[in-house]
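Chain by chain, the residues run as shown.
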Amino acid sequence: MTDFSEIILFIVAFYATINFYRLYSISREILHFCMGTSAAFLAIIGISDLLSTFFPVLDPDFIDEWATVFSVSFLLSAAASLVRNSKPVFSRFPRLFTFAPLILIFLYPLIIDTAVVKIWAVALYQGSSLLISLIIYSYKTHHNSSYGYMLVGVIFFLVTFILYWLPGSAFTLPVYAWVLLVSCGILIITVGYNHVFELEDEIIDAQKRKETWFV
């Protein structure tokens, strides 16, 4: 059952990766690039056991750990981009600052042997991303109900996050259940983005944009 749930995670995350990279190819927004990259590393987590089966030299635990670090780093960068995009143009911080959360990737080797610190670092990145998204999409939903799809997805992830970090004596689920919950959250977020950012309108706008890597 665990193997089946991981395959589901791979399929859903791969779909999200393609979707957000397609949005990025149209909009050139850092938000879409970071969301797509984060989903790509989640897809790697979903297929890590299969990779180790065909390539015994690969350690699935090592792949999962580092893929998680990359995924949460790009996820917080996406949240930073979300904050930047929510500000008026004249008050936005430099685009480069949205990639500041990626510093965890370079610092992680320094804390990799300290179990508590690295667990809390990942949890802090996840929680910060969810809190930022919850605040911004709650505000956006108040002004435009279409963003309710995104808000539902964020709330779903937030509930899953809280339940995951509860003490085992208070609440526990088998591994495959957590994997399926994450897969559902990814799917809700992806469908929500497809609803809010209609590709047809983005294609029309793309013709008016300057050729640039990031905006």
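This text gives an overview of the structure that appears in the document.

The rules behind the values
Residues numbered from 1 in each chain as written. Predicted model: local features only at pLDDT ≥ 70, side-chain atom pairs only at ≥ 80, totals over all residues. Heavy atoms only, no water. Helix = DSSP H or I, 4+ residues; strand = E, 2+ residues; numbered from the N terminus. Rg over C-alpha atoms; globule rule 2.2 N^0.38 Å. Buried < 20%, exposed > 50% of the residue type's maximum accessible area, 1.4 Å probe, protein only. Contact = heavy atoms within 4.5 Å. Expected span 1.5 Å × (residues − 1). 1 Å grid on protein atoms, 1.4 Å probe; cavity = no way out; pocket = protein on both sides within 12 Å on 5 of 7 lines; lining within 4 Å. Points joined across faces, edges and corners; volume = space filled by probe spheres on them. Nonpolar A, V, L, I, M, F, W, Y, C, P; charged D, E, K, R; others polar. Salt bridge = Lys/Arg side-chain N within 4 Å of Asp/Glu carboxyl O. Axes fitted to C-alpha atoms, helices over the stretch in contact; angles between N-to-C directions. Parallel < 35°, antiparallel > 145°, perpendicular 65-115°, else oblique. Left-handed = near helix turned anticlockwise from the far one by under 90°. Core = buried A, V, L, I, M, F, W, Y, C linked by side-chain atoms within 4.5 Å.

### So, the overall build of the chain
Inference 1: Per the secondary structure count, the chain includes eight helices and zero strands.
Inference 2: For the chain, the C-alpha radius of gyration of 18 Å lies close to 17 Å, the compact-globule estimate for 215 residues.
Inference 3: Principal axes of the C-alpha set define a box for the chain whose edges measure 50 × 35 × 35 Å.
Inference 4: Expressed as a percentage of its 215 residues, the buried residues of the chain come to 40%.
Inference 5: Here the analysis covers contacts within the chain between residues at least 6 apart in sequence; of these, 72% occur between residues at least 24 apart.

### Examining helix H7 (residues 175–196)
Inference 1: If you check H7, its first and last C-alpha atoms are 32 Å apart, about what 22 residues at 1.5 Å a residue would give, namely 32 Å.
Inference 2: Residues of H7 that are buried: Ala177, Trp178, Val179, Ser183, Gly185, Ile186, Ile189, Thr190, Gly192, Tyr193 and Val196.

### Looking at unusual backbone geometry
What is expected of a backbone is that most residues other than glycine have negative phi and most peptide bonds are trans.
Inference 1: The phi torsion at arginine 28 lies on the positive side, around 60 degrees, for a residue other than glycine.
Inference 2: Mapped onto the elements of the fold, arginine 28 is located in the loop between helix H1 (2–27) and helix H2 (30–54).
Inference 3: Residue arginine 28 is classed as partly exposed on the basis of its relative accessible area, which comes to 22%.

### What about the layout of surface pockets?
Inference 1: Here the largest pocket is characterised by a volume of approximately 1500 Å³.
Inference 2: Around the largest pocket sit 49 residues that line it, and Leu42, Thr68, Val72, Gln126 and Val182 are the ones nearest its centre.
Inference 3: Among the elements of the structure, H1, H2, helix H3 (60–86), helix H5 (115–143), helix H6 (148–164) and H7 are those that each provide at least two residues to the lining of the largest pocket.
Inference 4: In the lining of the largest pocket, the residues fall into 32 nonpolar, eleven polar and six charged.

### Description of the environment of tyrosine 137
Inference 1: In this structure, tyrosine 137 sits in helix H5.
Inference 2: Judged by relative accessible area, which is 2%, tyrosine 137 ranks as buried.
Inference 3: A sequence separation of 18 residues divides tyrosine 137 from isoleucine 119, and the C-alpha atoms of the two residues are 27 Å apart.
Inference 4: Those residues in contact with tyrosine 137, other than ones at most four positions away along the chain, are Leu82, Tyr147, Met150, Leu151, Val154 and Tyr193.

### Here's the deal with the pattern of salt bridges
Inference 1: On inspection of all chains with the given rule, the structure shows one salt bridge.
Inference 2: For glutamate 65, the salt bridge identified is with lysine 118, shortest N-O distance 2.9 Å. Taken as a pair, glutamate 65 in helix H3 and lysine 118 in helix H5 lie far apart in primary sequence, 53 residues in all.

### Re the environment of alanine 79
Inference 1: Along the chain, the position of alanine 79 falls in helix H3.
Inference 2: Taking relative accessible area as the criterion, alanine 79 reaches 3% and is therefore assigned buried.
Inference 3: Separated by 106 residues in sequence, alanine 79 and glycine 185 place their C-alpha atoms 16 Å apart.
Inference 4: Not counting the four nearest positions on each side in its chain, alanine 79 is found in contact with Ser129 and Ile132.

### Some details on the packing of H6 against H7
Inference 1: Between H6 and H7, the least distance of the axes is 8 Å, while the angle of their chain directions is 160 degrees. What the angle tells us is that H6 and H7 run roughly antiparallel. The hand of the H6/H7 crossing is left-handed. Listed contacts from H7 to Tyr149, Met150, Val152, Gly153, Val154, Phe156, Phe157, Thr160, Leu163 and Tyr164 of H6 are Trp178, Leu181, Val182, Cys184, Gly185, Ile186, Ile188, Ile189, Gly192, Tyr193, His195 and Val196.
Inference 2: Looking at the contact of H6 with H7 residue by residue, the classes come out as 17 nonpolar, five polar and no charged.

### With respect to the nonpolar core
Inference 1: Among the nonpolar cores identified, the biggest contains 43 residues, and Phe20, Met35, Leu104, Tyr137, Ile189 and Tyr193 are the most heavily contacted of them.
Inference 2: Listing elements by their share of this core, those giving two or more residues are H1, H2, H3, helix H4 (103–111), H5, H6 and H7.
Inference 3: The dominant element in this core, judged by the number of residues it contributes, is H3, at nine residues.

### A closer look at the side chain of serine 71
Inference 1: Examined against the element boundaries, serine 71 turns out to sit in helix H3.
Inference 2: If we skip the residues at most four places from it in the chain, serine 71 touches Ser38, Phe41 and Leu42.

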